[in-house]
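# Secondary and tertiary structure notes
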Amino acid sequence: MSNVQKILDDLGLKATNPGACTGEWITPAAGRELVSINPTTGEPIAKVIQADEAAYEKVMQTAADNFTEWRMVPAPVRGEVVRDLGNELRKFKDPLGRLVSLEMGKIKSEGLGEVQEMIDMCDFAVGLSRQLYGPTMMSERPRHRMYEQWHPLGVVGVISAFNFPVAVWAWNAALAAVCGDTTVWKPSSSTPLTAIAVQNICNTVMKRHGLTGIFNVAIGPGSVVGERLINDPRVPLISFTGSTKMGRHVSEACAKRFGRSILELGGNNAIIVEPDANLDLALRAILFAAVGTAGQRCTSLRRLFLHSSIADDVVAKLVKAYGSITIGNPLDDGILMGPLVNEGAIKDYENALEKVREQGGEIVTGGHRVDRPGYYVEPTIVRLKSQIPISCDETFAPILYVLTYDTLDEAVRTHNSVPQGLSSAIFTSSMYSAERFLSHEGSDCGIANVNIGTSGAEIGGAFGGEKETGGGREAGSDSWKAYMRRQTCTINWSTELPLAQGVSFDID
Ligand code: NAD
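Structure report, in brief.

### Focus: the overall build of the protein chain
The helix and strand inventory of the protein chain stands at 14 helices and 23 strands. In terms of its C-alpha atoms, the protein chain occupies a principal-axis envelope of roughly 85 × 60 × 35 Å. The burial tally for the protein chain puts 55% of its 508 residues in the buried class. At a minimum sequence separation of 6, the contacts of the protein chain that also span at least 24 residues come to 74%. Accessible area for the protein chain stands at about 21,400 Å²; split by element, carbon and sulfur atoms hold 52% of it. Within the protein chain, one finds 48 positive and 58 negative side-chain charges whose respective centroids are separated by 3 Å.

### Focus: the sheet that holds strand β15 (residues 380-383)
Here 7 strands make up an open sheet; going across it, the order is β14-β15-β16-β13-β12-β18-β19 and the pairing mixed. Edge positions in the sheet fall to β14 (362-365) and β19 (447-450), since each of these pairs with one other strand and no more. On average, each strand axis in the sheet is inclined to that of its neighbour by 25°, with strand direction left out of account. Where strand β12 (residues 269-273) and strand β18 (residues 423-427) come together, 4 bridges link them in parallel fashion. Bridge pairing in β18 links Val273 to Phe427.

### Here's the deal with the sheet that holds strand β11 (residues 260-264)
Pairing is mixed in the open sheet, where 6 strands are placed in the order β2-β9-β8-β7-β10-β11. A strand with exactly one partner marks an edge of an open sheet, and here the two such strands are β2 (20-21) and β11. Pairing of strand β7 (residues 155-159) with strand β10 (residues 237-241) involves 4 bridges; the strand directions are parallel. Note that in β10 the partner of Ile159 across the bridge is Phe240. Taken strand by strand, helix α9 (residues 244-256) contacts β10 and β11, and its axis lies near 170° from that of β11.

### Examining unusual backbone geometry
Its identity is not glycine, yet Arg143 carries a phi of approximately 50°, on the positive side. Structurally, Arg143 is set in the loop between β5 (136-137) and β6 (144-152). Judged by its relative accessible area of 53%, Arg143 is exposed. Despite not being glycine, Phe258 has its phi angle at roughly 60°, a positive value. Position of Phe258 among the secondary structure elements: in the loop between α9 and β11.

### Regarding the site of the ligand
Close to the ligand lie 27 residues, the nearest being Ser160, Glu227, Ser243, Leu265 and Glu394. Within the backbone of Leu265, one N or O atom sits 2.8 Å away from a nitrogen atom of the ligand. Contacts to the ligand include Glu394, whose side-chain N or O atom sits 2.6 Å from an oxygen atom. When the ligand sits alone it has 860 Å² of accessible area, and the protein chains cover 87% of it. The dominant element in the shell around the ligand, judged by the number of residues it contributes, is helix α8 (residues 222-230), at 4 residues. A class-by-class count of the residues in the shell around the ligand yields 12 nonpolar, 11 polar and 4 charged. Among the domains, domain 1 (3-265 + 470-487) and domain 2 (269-459) are the pair contributing at least three residues each to the shell around the ligand.

### Quick look at the packing of helix α4 (residues 93-104) against helix α5 (residues 108-128)
How two helices pack is summed up by the angle between their axes together with the distance between the axes. For the pair α4 and α5, interaxial distance at closest approach is 7 Å and the crossing angle is 125°. By the criterion of interaxial angle, the relationship of α4 to α5 is oblique. Of the two possible hands of crossing, α4 and α5 adopt the one that is right-handed. When α4 is examined against α5, the residues Lys93, Asp94, Leu96, Gly97, Arg98, Val100 and Ser101 are found in contact with a partner set consisting of Lys108, Gly111, Leu112, Glu114, Val115, Gln116, Met118 and Ile119. For the contact of α4 with α5, a count of residues per class yields 6 nonpolar, 4 polar and 5 charged.

About the cut-offs
- Residues numbered from 1 in each chain as written.
- Predicted model: local features only at pLDDT ≥ 70, side-chain atom pairs only at ≥ 80, totals over all residues.
- Heavy atoms only, no water.
- Helix = DSSP H or I, 4+ residues; strand = E, 2+ residues; numbered from the N terminus.
- Buried < 20%, exposed > 50% of the residue type's maximum accessible area, 1.4 Å probe, protein only.
- Contact = heavy atoms within 4.5 Å.
- Areas by Shrake-Rupley, 256 points an atom, 1.4 Å probe, with all protein chains shown as cover.
- Lys, Arg positive; Asp, Glu negative; His and termini not counted.
- Charge placed at Lys NZ, Arg CZ, Asp CG, Glu CD.
- Pairing = 2+ DSSP bridges.
- Axes fitted to C-alpha atoms, helices over the stretch in contact; angles between N-to-C directions.
- Near = heavy atom within 4 Å.
- Polar contact = N/O pair within 3.5 Å; in protein donor to acceptor, adjacent residues only side chain to side chain.
- Nonpolar A, V, L, I, M, F, W, Y, C, P; charged D, E, K, R; others polar.
- Domains from an automatic or database assignment.
- Parallel < 35°, antiparallel > 145°, perpendicular 65-115°, else oblique.
- Left-handed = near helix turned anticlockwise from the far one by under 90°.

Written out as structure tokens, the structure reads:
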């Protein structure tokens, strides 16, 4: 049996799979066929029959109907279901991690890491299920009590990007479930098999607890299933992860119907390296952030600001390190960089480098497609005298723009001058420089690190960015609040009716 077949068998995937599920797969599925392609070879892995209108409707209505019961289950009991989901994911960590690598192209260690992130999210959500606190306020009126409480919100639509095909679902679904919401997931059309595998795991857990319709999936094109979801009045919250262009459209569609949206969009992340930095540390962090996941993380390092006194030395060391990056099948041991996701991503890489040449950048290493089957490119370093239009855009590929600076003020100013605001970092051993970078006049990003690269966030913090990254926050901290509705309650237990602000409104 081939390795690919074993992964599919371990996760209950067939050569052709239905694409819509509420706990039971909806068959016979009648939508159009979608073929999942292995980016390592360009060959098909398996097929999915996408959700047609009737299947979408069944999924959505089941999610909406089951919400009314799920919201009345005590939150700690909901937490037990999520605990079970985490345990089931532990059992399937190896095949699911491998499937992530197979279908998306990230290396095995990152595929497994993504499943670990799902497990961590479940653990976090279980704890939260006993901590969905609202504060109590001191009323200005005698014998009055004021407090805030949080209610479940409804059906949460989760639309995810190809590059984190399972972890982003878990960020949303684990929190939504303990908050009393049901979810309908529309995964990326580049990674439908990972979604089916996750849904199979959810089905086992739901069945064990006598549940249905808590975790649901509807696979289909963005222009069909995605559009239905973002315009569906039964969905009070859309959590969207993807490009800024698409996020703008999703935001407008939700706002038009007074729906809420969480937007996790494109980044243009940067590291500033000060002359007093530990350069060994910085080099390792730069390498992982720029080359890891073949530059296909929202937090991938795209711009590197080097102090002029160390710039040539750091670039020379980086070029040497780039020469040692092992490129190949992401499932093989010892490989550090897999393929890009598809042919379109290769075109984006080539077009960006064409613009680099036109706009005066110097390619110091890389710059070519790798001559082998699949969608491989060389990790690339470009030196710039100043920012150029293409370095202000996100290209989802391993292209690193290197700029030099003389003062930290100048570096921070240029760092903040792009439209995106996701992740940022400084390498320094100076307390002043670190604090300057983290201050109100420092990084304008949602994530700001010291002596850590831009990618690889832990789930305990709220994850998300500012400006054209969309302003969303997911995963840790108090991100759960986005999945609930807040209610302020005031109770009068006196026999008087005093009005707030001393207003009097009495009939003589
Ligand atoms: P994309 O915008 O092409 O697609 C994202 C999702 O939107 C997919 O599921 C797609 O099918 C869906 N979609 C397409 N048309 C739609 C429509 N009309 N209505 C509703 N949904 C529609 O993004 P991608 O190429 O899959 O992912 C890469 C992008 O995602 C990058 O820009 C990256 O920075 C971003 N991303 C951001 C974060 C973050 O947390 N900030 C995380 C991961 C990825």
